[in-house]
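# Coordinate analysis (summary)
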Number of protein chains: 2
Amino acid sequence: MQALEERIRKDGIIKPGNVLKVDSFLNHQMDVSLFVEMAREWKRLFSDRTINKILTIEASGIGIACIVAAEFNVPVVFAKKSQSINLDGEMYTTKIESFTHKKSYDVIVSKKFLSKDDHILVIDDFLANGCAINGLLEIIESAGATVEGVGIAIEKGFQQGGKLIRDRGVRVESLAIVDSMDCETGSIIFR
Amino acid sequence: MQALEERIRKDGIIKPGNVLKVDSFLNHQMDVSLFVEMAREWKRLFSDRTINKILTIEASGIGIACIVAAEFNVPVVFAKKSQSINLDGEMYTTKIESFTHKKSYDVIVSKKFLSKDDHILVIDDFLANGCAINGLLEIIESAGATVEGVGIAIEKGFQQGGKLIRDRGVRVESLAIVDSMDCETGSIIFR
């Protein structure tokens, strides 16, 4: 998606260790008008699918997911990263390794909000090694729900996540796929 | 706001310890069409103010804030609850006590995304003892920015947060104020 690639080139900052900082428009400050454009693009890409719910994971996925949900006119469920006293009853749980934070954490979704009747679009800001998305797919599978697709803002094409998930037969639509980037020169190559 | 009060009566669950669970539509599963109605109500209530940015705190504030931001056509900044390796540079920081999780945590906002030129609407899902909102107000003050108001989905009117913040001269618009609730009978009284 051209608008997102241009924005990454303009405002993204490449750091050592293959870190791409997009906190000025995607995951700390959020340019919601860009999110609306992204949501329309996913609506177009998944127009052949019947989707009744968006699933994402806290925290930075939630904002994009809500704008996408407004476009699809469906609710959002977000997976929570730790047990809360406000969440009782039965839960789907899985464990996710975080590339960014270099630790693993438990992720939970209440069984009340996912069922075998649900047709899910998974939305997240980043796809790198795929651990977060894989965790969400496991939760969907536990619920017996159907995954209609995965919508990613920025995929790091040089990491394995996208390939692993597509190899499972899941349709992944990433709006920008970074094939390589160089923190010395600041150059970035999109697929 | 009638639609929100009705929804709380219909789907809210009152638990011992003055816990009001609204996880089926507000902060785990999210009814984004309700959020759009709420956003329009805040737009009406704050129509006399010039607002150029929404500030919220992760995680459950983000979804509402993004829908509000789409209505106001401004960006969102969300305060993060712990230091991330993806957040470098200088930060505004404060410490917040969590009523829900019974612990305190550090909250940070990058100095890049708040300045003295900003006119901020603070958005959050709940206001109880006011610790989270007070933390956000401290951060706004540190930045020298102007707080134009605070928009809350559900205020627990029997706790002190709303009074403390209004006593500071800050305009608070809560779309539902719970004056009392009873976990035995399930009854709930709105202001």
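Above: the structure in question.
Structure report, in brief. Predicted model, so just to flag it, every value in this text is computed and none were measured.

## Examining the interface of chain A and chain B
- With 43 residues of chain A in contact, the opposing surface of chain B contributes 42 residues.
- Across the chain A to chain B interface the summed buried area is about 3,400 Å²; carbon plus sulfur atoms make up 60%.
- The interface formed by chain A and chain B includes 2 salt bridges.
- Its salt-bridge partner being Lys112 of chain A, residue Asp23 of chain B comes within 3.5 Å of it at the nearest N-O pair.

## Brief notes about the sheet that holds strand S4 (residues 53-57) of chain A
- The strand order across the open sheet built from 7 strands is S11(A)-S10(A)-S9(A)-S8(A)-S4(A)-S5(A)-S3(B), with neighbouring strands paired in mixed fashion. Each edge of the open sheet carries a strand with a single partner, namely strand S11 (188-190) of chain A together with strand S3 (29-30) of chain B.
- Here S4 of chain A runs beside strand S5 (residues 76-79) of chain A; their pairing, made up of 4 bridges, is parallel. In the sheet register, Ile57 of chain A faces S5 of chain A, and the bridge partner there is Ala79 of chain A.

## Description of unusual backbone geometry
All names here are of chain A.
- The residue after Glu58, namely Ala59, is reached through a cis peptide bond having omega 0°.
- Following the sequence through the fold, Ala59 ends up in the loop between S4 and helix H3 (60-72).
- Here the phi dihedral of Asn18 falls at roughly 55°; this positive angle occurs in a residue that is not glycine.
- By the element assignment, Asn18 lies in the loop between strand S1 (13-15) and strand S2 (19-21).
- Positive phi values are uncommon outside glycine, yet Asn73 reaches one of about 60°.
- Structurally, Asn73 is set in the loop between H3 and S5.
- Judged by its relative accessible area of 62%, Asn73 is exposed.

## Concerning the environment of Val77 of chain A
- Inspection of the secondary structure puts Val77 of chain A in strand S5.
- In this structure the C-alpha to C-alpha distance between Val77 of chain A and Ala65 of chain A, which are 12 residues apart in sequence, comes to 8.9 Å.
- In this view, Val77 of chain A contacts Lys53, Ile54, Leu55, Thr56, Val109 and Phe113 of chain A together with His28 and Gln29 of chain B; residues no more than four positions away in its chain are not counted.

## Quick look at the relation of the copies chain A and chain B
- Once turned by 180° and shifted 0.0 Å along the axis, chain A lies on chain B with an RMSD of 0.0 Å. The transformation relating the two chain copies, once decomposed into turn and shift, fits a two-fold axis.
- Of all interface residues in chain A, 98% are interface residues in chain B too; the two copies therefore contact each other through one and the same surface.

## Things to note about the side chain of Glu155 of chain A
Residue and element names in this part refer to chain A.
- Structurally, Glu155 is set in strand S9 (residues 146-156).
- For Glu155, a relative accessible area of 2% puts it in the buried group.
- Discounting residues that sit within four places of it in the chain, Glu155 has contacts with Leu127, Gly162, Arg166, Val172, Ser174, Ala176, Ile177 and Val178.

## What about the pattern of salt bridges?
- For the coordinates displayed, the defined rule picks out 38 salt bridges over all chains.
- A salt bridge links Asp31 of chain A to Arg7 of chain A, with the shortest nitrogen-to-oxygen separation between them at 2.6 Å. With Asp31 of chain A in the loop between strand S3 (29-30) and helix H2 (32-45) and Arg7 of chain A in helix H1 (residues 2-11), the pair connects residues that are 24 residues apart, well separated along the chain.
- With a relative accessible area of 15%, Asp31 of chain A lands in the buried category.
- A salt bridge links Lys163 of chain B to Asp167 of chain B, with the shortest nitrogen-to-oxygen separation between them at 2.6 Å. Of this pair, Lys163 of chain B and Asp167 of chain B are both found in helix H5 (residues 161-167), 4 residues apart, which corresponds to roughly one turn of the helix.
- By relative accessible area, which is 53% here, Asp167 of chain B ends up exposed.

Conventions and cut-offs
- Residues numbered from 1 in each chain as written.
- Chains lettered and ligands numbered in written order.
- Predicted model: local features only at pLDDT ≥ 70, side-chain atom pairs only at ≥ 80, totals over all residues.
- Heavy atoms only, no water.
- Contact = heavy atoms within 4.5 Å.
- Buried area = accessible area lost by both parts, 1.4 Å probe.
- Salt bridge = Lys/Arg side-chain N within 4 Å of Asp/Glu carboxyl O.
- Pairing = 2+ DSSP bridges.
- Helix = DSSP H or I, 4+ residues; strand = E, 2+ residues; numbered from the N terminus.
- Buried < 20%, exposed > 50% of the residue type's maximum accessible area, 1.4 Å probe, protein only.
- Least-squares fit on C-alpha atoms with pLDDT ≥ 70 in both.

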